[in-house]
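A look at the structure
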Amino acid sequence: MLTLMDAVLFCLSAILALYFYCRHKFNYFTIKGVPHKPPTFPFGNILDLLRSGEPVGQYIGKLCLNAEGPFFGFYALTKPFLIIKDPKIVKNVLVKDFHVFSNRHVHIDPTVEPFLAYSLLGMKTPQWRTLRKQLSPAFTSGKIKMMMPLMAECGKNLEKYLSGMVGQDLEMNDVSNRYTTDVIATCAFGVVANSFTDVDNELLRHGRMIFPKTILHSIKASSYFLAPSIVKFLKYRFIKEEVDAFFRNVFRNVISQREANKVKRNDLADLLIEMKNQGYEETYYKFDENFLTAQALIFFGAGLESTGATISFALHELCLNPNVQEKLRDEIHTVIGEHGGLTYEAVQDMKYLHMVISETLRKYPLTPFITRECGEDYKVEGTEMLIEKGTPVLISQDALHLNPKYFPNPQKFDPERFRAENLHKIENYTYLPFGEGPRFCIGDRFALVSTKLGVIHMVKNFKMVRNSQTEEFLGFSPIPTTTAKNGVHMTCIKI
């Protein structure tokens, strides 16, 4: 019979065994000569990350900026993550030797999380290649140009809302998310969301629930990339069942109405319906309801977060830099006049606007890092470094975008960095707002156009100025997505 002493000895033995196991694992970067922050038993660097209160992307970026060499090491529990800092190696990982690093280091169980598993975000080689090829026609410049009238209507609703809020404190992330919800809802699914008039908008509410702003969700979301073994063991969901059911019902209704009324809008929904009706089946999956809804949900959630955040951060910088705002407003009015209206071509001709958005994406990266998994033993060109098969590899946008070596005075908002004649000064693979290589963000064109239109409609007839709630330097919540802790506040004045 097990005595108390036996139980104590067993526990002590287990702790001792765990200690020596961790000590062995924590020698990984020391042996390879890779700079790293000393790990803490048994959490690695995770405990330091949690104590910092910073978003994981900013935390890792700062560690990298304070270290020399082409690599930096990070321990998520006992798992070593190799962070690539050198742009030439970044190019090899994302482009030249992509076949070795084609998969993201993430675990998604299709029986637990079908939406993520069947999306481009979660799919692995070779399934994602077929899916990307099938989805790409929905994001051509021609298709986006055809969506301009729909986006313009959303922009008018945004201007009408701002007209009623003149002189009041505006939380710009909320305003931007409402606009973005309307744009994605109408351009992707043909649904009129009315986010500015419907105070309890179902699409907006459930869209925000895809990436809820809570500490618990932050830990869960980070674990998908930093500790996938825990996700695999505990089998918890990233997307709530309520959100799953809501978007499944919305998309089911869209499909049935389109097919019953023979309506075509040349949007994402039409493309997905065509894929379903073709009866096409890939070796590893079929285009069933799970698959179709997965693309719709991820497009909606990712678009809502990224576009809304970029617009709010751009407006924050324009508020703090009135000279930049005035210069942008002058360009907007001049180009619209030259084109006889706010056309797709007019937006493309707004060079200074593109510079402003580019600088916003540099200073406020939308993703914490680009994650890849090494698919085979890989000798890094020009070094003695051997990356073993299965090793997670991270590329930190913060470590590149905010590095004074590549972008002098990186905390300064300076759109002139992206003027055509200055682009040669930006080293290749140091600016990665949408990633790079074959897994480059498929929706970048849509994101850029909808972002630019949102800024245009906010700046064209309104001046954004500081108020008592405006922060000079934004603090960020410790969640995977880039979210200002206290919001992005300003006041609009009708011009």
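Look up a bit, the structure's there.
The structure contained in this document is the topic of the report that follows. (Residues numbered from 1 in each chain as written. Predicted model: local features only at pLDDT ≥ 70, side-chain atom pairs only at ≥ 80, totals over all residues. Heavy atoms only, no water.)

Ranked by internal contacts, the top residues of the largest apolar core, which has 140 residues, are Phe446 and Val455. Counting residues per element, this core draws most heavily on helix H16 (residues 289-320), at 16 residues. Beyond its immediate stretch of four places on either side in the chain, phenylalanine 446 contacts Phe139, Ile144, Met147, Met151, Val183, Ile184, Cys187 and Phe299. Core analysis: the second largest hydrophobic core is formed by 17 residues, Leu49, Cys64, Phe72 and Phe74 among them. (Core = buried A, V, L, I, M, F, W, Y, C linked by side-chain atoms within 4.5 Å. Buried < 20%, exposed > 50% of the residue type's maximum accessible area, 1.4 Å probe, protein only. Helix = DSSP H or I, 4+ residues; strand = E, 2+ residues; numbered from the N terminus. Contact = heavy atoms within 4.5 Å.)

We now examine the packing of aromatic side chains. For the structure shown, the criterion picks out 16 aromatic pairs. Relative to tryptophan 128, the ring of phenylalanine 98 lies with its centre 5.7 Å away and its plane at 80 degrees, an arrangement referred to as edge-to-face. You can see phenylalanine 98 sitting in the loop between helix H5 (87-96) and helix H6 (114-117) and its partner tryptophan 128 sitting in helix H7 (residues 127-135), a full 30 residues away along the chain. Tryptophan 128 carries the same exposure label as phenylalanine 98, and that label is buried. What links up through ring pairs into an aromatic cluster is the set Phe26, Tyr28, Phe29 and Tyr75. Sitting over the face of the ring of phenylalanine 407, arginine 362 holds its NZ or CZ atom 5.5 Å from the ring centroid. Lying over the aromatic face of tryptophan 128, arginine 439 brings its terminal NZ or CZ to 4.6 Å of the ring centre. (Phe/Tyr/Trp six-rings, centres within 6.5 Å; stacked < 30°, edge-to-face > 60°. Lys NZ or Arg CZ within 6 Å of the ring centre and 35° of its normal.)

Bridging between strand E3 (residues 169-171) and strand E9 (residues 489-494) involves three bridges; their strand directions are antiparallel. The residue bridging glutamate 171 from the neighbouring strand is histidine 489, located in E9. Examined bridge by bridge, strand E8 (residues 462-465) and E9 share four bridges and lie antiparallel to one another. Bridging across to E9, lysine 463 finds its partner in isoleucine 493. (Pairing = 2+ DSSP bridges.)

Taken in spatial order, the four strands make up an open sheet running E1-E2-E7-E4, and their pairing is mixed. The open sheet has two edge strands with one neighbour each: strand E1 (71-76) and strand E4 (370-373). If you compare each strand with its neighbour and ignore which way they point, the axes differ by 30 degrees on average. Summarising the sheet, strand E2 (residues 79-84) and strand E7 (residues 392-395) pair through three bridges and their orientation is parallel. What sits directly across from leucine 82, in E7, is valine 393. With respect to the sheet, helix H4 (residues 56-65) is in contact with E1, E2 and E7, its orientation differing from that of E1 by roughly 140 degrees. (Axes fitted to C-alpha atoms, helices over the stretch in contact; angles between N-to-C directions.)

Okay, the packing of helix H14 (residues 241-261) against H16 next. Two elements in contact, H14 and H16, have axes whose closest approach is 9 Å; the angle formed by their N-to-C orientations is 105 degrees. In terms of orientation, H14 and H16 fall into the roughly perpendicular class. Only Glu289, Asn290, Leu292, Thr293, Ala296, Leu297 and Phe300 of H16 make contact with H14, whose side of the interface consists of Val243, Phe247, Arg248, Phe251, Arg252 and Ile255. Per-class residue counts for the contact of H14 with H16 are eight nonpolar, two polar and three charged. (Parallel < 35°, antiparallel > 145°, perpendicular 65-115°, else oblique. Nonpolar A, V, L, I, M, F, W, Y, C, P; charged D, E, K, R; others polar.)

On to the pattern of salt bridges, then. In total, this model carries 18 salt bridges according to the counting rule given. The shortest N-O distance in the salt bridge between lysine 62 and glutamate 54 comes to 2.4 Å. Judged by relative accessible area, which is 42%, lysine 62 ranks as partly exposed. Here arginine 419 ties to glutamate 416 by a salt bridge, and the two come within 2.6 Å at their closest N and O atoms. The class for arginine 419 is partly exposed, based on a relative accessible area of 24%. (Salt bridge = Lys/Arg side-chain N within 4 Å of Asp/Glu carboxyl O.)

Our next topic: the pairing of E2. E2 sits mainly inside the fold: five of its six residues count as buried. Both E1 and E2 contribute to a ladder of six bridges, which runs antiparallel. Pairing of tyrosine 75 across the sheet is with proline 80, part of E2. The hairpin formed by E1 and E2 contains two residues between the paired strands, and leucine 77 there has a positive phi angle of roughly 60 degrees.

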